[in-house]
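Analysis of the macromolecular model
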Amino acid sequence: MNSPIPITSNNGDTYFHLEPLISGVSLMDFSCPVQEYNDYLTQDALRSRDDHIALTWLLYDLSTGGIIAYMSIINDAIKLSVSEKELHNLHYPFKTIPAMKIAKLAVSQSFSKTYKGIGSFMIDSARGLAIDCNTDYSACRFLTVDADIENNASILRFYEKNGFILNSEMNNKNRKTISMRKDIFA
Ligand SMILES: CC(C)(COP(=O)(O)OP(=O)(O)OC[C@H]1O[C@@H](n2cnc3c(N)ncnc32)[C@H](O)[C@@H]1OP(=O)(O)O)[C@@H](O)C(=O)NCCC(=O)NCCS
């Protein structure tokens, strides 16, 4: 059996195509390890789009037409401590800095034997959307995520490998998620 094809930001467009979720797309074959994320895609993603709560993007496999991964994107703003502002060289008096949040992210298990690095490609794609947003519409400096440690105890490592760091705000021992950020322009 062939080993999985390593996907990077350079070759992803050869294999994949990213587009917003539209009505009528069959989502039932999508299956990631966390059922909550499958249910969100099939039951809530379109409704959230229609209510302007979250915009879901689907990653299609060009060779089979299957849905490899999805992410839901929303606008965000994060508070930075004095030292965090120092770290990012953001010397502004504002309490919050604009951001774009990956509110949901999941990769279908069906494609894990074919490709490697799909989740990371989705992060790169979200960064690409954020850069386009900065160019065309409005500013955002960070990608953010509430890393779901309740469903996936080791998930911080995935985000850290993709350049996210912990936020000092919104993190305490009892939370089910951990707030993280990635400087889009670092
Ligand atoms: C989390 C998820 C999106 C990662 O997708 P993926 O395609 O497996 O990720 P990648 O292949 O790009 O992984 C990049 C690196 O992170 C590591 N990694 C991925 N998931 C990890 C996890 N849960 N824990 C620790 N490390 C992880 C990989 O081993 C890889 O490391 P390497 O570069 O040293 O080989 C996917 O497993 C998933 O859909 N999980 C279920 C839903 C979920 O938990 N979503 C996140 C909610 S916050």
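Everything below is about the structure printed above this text.
No experiment lies behind these values; they were computed from the predicted model shown.

Turning next to the nonpolar core. Among the nonpolar cores identified, the biggest contains 31 residues, and Met71, Ile102, Leu143 and Tyr159 are the most heavily contacted of them. If you list the elements that add at least two residues to this core, you get strand 3 (55-61), strand 4 (67-79), strand 5 (96-107), helix 4 (118-136), strand 7 (142-148), helix 5 (155-161) and strand 9 (177-183). Top element by residues in this core is helix 4. It accounts for 8 residues. When neighbours within four sequence positions are excluded, Leu143 is seen to be in contact with Met100, Ile102, Ile123, Ala126, Arg127, Ala130, Phe164, Met180, Arg181, Lys182 and Ile184.

Bringing the layout of surface pockets into the picture now. Its boundaries defined by the atoms lining it, the largest pocket holds a volume of some 780 Å³. In terms of lining residues, the largest pocket is bounded by 34 residues, among which Leu105, Ala106, Val107, Asn152 and Ile155 are the most central. At the level of elements, helix 2 (35-50), strand 5, strand 6 (115-116), helix 4, strand 7 and helix 5 are the ones that each hand at least two residues to the lining of the largest pocket. Top element by residues in the lining of the largest pocket is strand 5. It accounts for 7 residues. The class makeup of the residues in the lining of the largest pocket is 16 nonpolar, 9 polar and 9 charged. Estimated volume of the second largest pocket: approximately 350 Å³. Lining the second largest pocket are 15 residues, and of these Leu55, Ile73, Ile74, Asn75 and Met100 sit closest to its centre.

Within a sheet, adjacent strands bond to each other through the backbone by hydrogen bonds, running parallel or antiparallel. If you trace the 7 strands from one edge of the open sheet to the other, you get 2-3-4-5-7-9-8, paired in mixed fashion. Among the strands making up the open sheet, the edge pair consists of strand 2 (16-20) and strand 8 (165-166). Two elements, strand 8 and strand 9, share 2 bridges in a ladder whose sense is antiparallel. When the bridges of strand 9 are listed, Ile165 appears paired with Arg181.

Within the secondary structure layout, Thr56 lies in strand 3. With a relative accessible area of 1%, Thr56 lands in the buried category. In this structure the side chain of Thr56 is engaged in a polar contact, spanning 2.6 Å, whose partner is the side chain of Ser72. Excluding residues within four positions of it along the chain, Thr56 makes contact with Pro20, Leu21, Tyr40, Leu41, Ala45, Tyr70, Met71 and Ser72.

So, on to unusual backbone geometry. Look at His52: it is not a glycine, yet its phi comes out positive at around 60°. Here His52 is to be found in the loop between helix 2 and strand 3. If you check the backbone angles, Asn89 has positive phi at about 60° while not being a glycine. For Asn89, the position within the fold is in the loop between helix 3 (82-87) and strand 5.

Right, let's get into the environment of Leu90. Along the chain, Leu90 turns up in the loop between helix 3 and strand 5. Relative accessible area serves as the criterion here: at 8%, Leu90 is assigned to the buried category. Along the chain, Leu90 and Asn167 lie 77 residues apart, while their C-alpha atoms are 15 Å from each other. In contact with Leu90, not counting residues within four places along its chain, are Leu80, Lys85, Ile97, Arg141 and Phe142.

Around the ligand there are 20 residues in total, and Leu105, Val107, Ser120, Ser154 and Lys161 lie nearest to it. Separating a nitrogen atom of the ligand from a backbone N or O atom of Leu105 is a distance of 2.8 Å. In the model, an oxygen atom of the ligand is placed 3.1 Å from a nitrogen or oxygen of the Lys116 side chain. Relative to its unbound accessible area of 910 Å², the ligand is 73% covered by the protein chains. Taken atom by atom, the bulk of the ligand overlaps the largest pocket. Among the elements of the structure, strand 5, helix 4, strand 7 and helix 5 are those that each provide at least two residues to the shell around the ligand. If you tally residues by element for the shell around the ligand, the top one is helix 5, at 5 residues. Along the lines of polarity and charge, the residues of the shell around the ligand split into 11 nonpolar, 5 polar and 4 charged.

The rules we used
- Residues numbered from 1 in each chain as written.
- Predicted model: local features only at pLDDT ≥ 70, side-chain atom pairs only at ≥ 80, totals over all residues.
- Heavy atoms only, no water.
- Core = buried A, V, L, I, M, F, W, Y, C linked by side-chain atoms within 4.5 Å.
- Buried < 20%, exposed > 50% of the residue type's maximum accessible area, 1.4 Å probe, protein only.
- Helix = DSSP H or I, 4+ residues; strand = E, 2+ residues; numbered from the N terminus.
- Contact = heavy atoms within 4.5 Å.
- 1 Å grid on protein atoms, 1.4 Å probe; cavity = no way out; pocket = protein on both sides within 12 Å on 5 of 7 lines; lining within 4 Å.
- Points joined across faces, edges and corners; volume = space filled by probe spheres on them.
- Nonpolar A, V, L, I, M, F, W, Y, C, P; charged D, E, K, R; others polar.
- Pairing = 2+ DSSP bridges.
- Polar contact = N/O pair within 3.5 Å; in protein donor to acceptor, adjacent residues only side chain to side chain.
- Near = heavy atom within 4 Å.
- Areas by Shrake-Rupley, 256 points an atom, 1.4 Å probe, with all protein chains shown as cover.
- Sits in = over half its atoms within 2 Å of the grid points.

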